[in-house]
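Close look at the chain arrangement
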Amino acid sequence: MSIRVVQCWDDGVVDDIRLTELLRKHGAKASFNLNFGHHTAMRRTGWKYEGVKEVWCLARSELISVYEGFTIANHGYRHVPPARSTLEEAREDIRKGRDSLEQHFGCPVLGYAYPGGSFDEATMALVREAGHIYGRVGRWVDQVFPPKDPMSFFPSCDFKDDDFLTKFESVQQRGGVFYFMGHSYQFMNEADWEEFERRLEYLNAAGVEWVELPDLFASRA
Ligand SMILES: [Zn+2]
């Protein structure tokens, strides 16, 4: 039985250049959750991951070539956690995020990933109202698909988790969907890149079917 695998990556950072090259090499489909308002004329950095690695946001002019062949999803215009804003601020950030990405990339943007992971009933309604078909939450569940409500859609794990392969193998045994997520700034050194490449090779050797996240939901209908 072939296992369907989906993956997504957040925040539109410079390490996505190397990541997308690696994913192309292994024929792995993926969604990238972007904050369009963070991409300006020049690359810019605002913080250090784990206090040591400078995280750089891609320049706006790089986005189309870096993500060519991948799916674009909305992560809020400015990464505003919707459940920690007023409803109006949240609605604005969600809508503007989606509209600006659709305009820039010239394709439908159907997925949303909650910035900071916070969500509630009211923000789920906003995500749905803005035209998204799912809203990803950054917490793990064993049975990812179909979610009880597509506006609270949970992955299986993070790409770096120690139990990544164990979780994959349990999906392999019972069937279903394996869904991992990440941020490419979490690649700290060459060993991290090599480890992830081994994981991609392992999944491919297991005969997985790489699926685009919106297609997963479309196939339900
Ligand atoms: Zn984020």
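In this report, we go over the structure that sits alongside the text. Please read these numbers as outputs of a predicted model, since none were measured by experiment.

So, about the overall build of the protein. When its secondary structure is counted, the protein shows 7 helices and 10 strands. Computed over C-alpha atoms, the radius of gyration of the protein comes to 17 Å, within 12% of the 17 Å expected from 2.2 N^0.38 for 221 residues, which places it in the range of a compact globule. Overall, the C-alpha framework of the protein stretches about 45 × 40 × 35 Å when taken along its three principal axes. Across the 221 residues in the protein, those meeting the buried criterion constitute 39%. Across the protein, every contact between residues at least 6 apart in sequence was considered, and the portion connecting residues at least 24 apart equals 63%.

Geometry of a packed helix pair, given as the angle between the helix axes and the separation of the axes. Between helix α3 (residues 87–105) and helix α4 (residues 121–129), the least distance of the axes is 10 Å, while the angle of their chain directions is 35 degrees. Considering how the two elements wind past one another, α3 and α4 form a crossing that is right-handed. Seen from α3, the contacting residues are Leu87, Ala90, Arg91 and Ile94; seen from α4, they are Ala122, Thr123, Leu126 and Val127. Considering only residue class, the contact of α3 with α4 consists of 6 nonpolar, 1 polar and 1 charged.

Here we take up the environment of phenylalanine 36. Relative to the helices and strands, phenylalanine 36 is located in the loop between β2 (31–34) and β3 (44–49). With 25 C-beta atoms counted inside 10 Å, the residue phenylalanine 36 sits in the buried group. Spatially, the C-alpha atoms of phenylalanine 36 and histidine 79 are 9.1 Å apart, while their sequence positions differ by 43 residues. Other than its neighbours up to four places away in sequence, phenylalanine 36 contacts Tyr77, Gly97, Ser100, Leu101 and His104.

What follows is about helix α5 (residues 164–174). All of the buried residues in α5 are Phe164, Phe168 and Val171. What you see down the axis of α5 is that its buried residues fit within an arc of 60 degrees, all on one side. Exposed residues on α5 whose side chains face more than 90 degrees from its buried face are Thr166, Gln173 and Arg174. The secondary structure elements touched by the buried residues of α5 are β8 (157–158), β9 (177–182) and α6 (190–205).

Parameters and conventions
Residues numbered from 1 in each chain as written. Predicted model: local features only at pLDDT ≥ 70, side-chain atom pairs only at ≥ 80, totals over all residues. Helix = DSSP H or I, 4+ residues; strand = E, 2+ residues; numbered from the N terminus. Rg over C-alpha atoms; globule rule 2.2 N^0.38 Å. Buried ≥ 20, exposed ≤ 12 C-beta atoms within 10 Å, placed from the backbone. Contact = placed C-beta atoms within 7 Å. Axes fitted to C-alpha atoms, helices over the stretch in contact; angles between N-to-C directions. Left-handed = near helix turned anticlockwise from the far one by under 90°. Nonpolar A, V, L, I, M, F, W, Y, C, P; charged D, E, K, R; others polar. Arc of directions from axis to C-beta.

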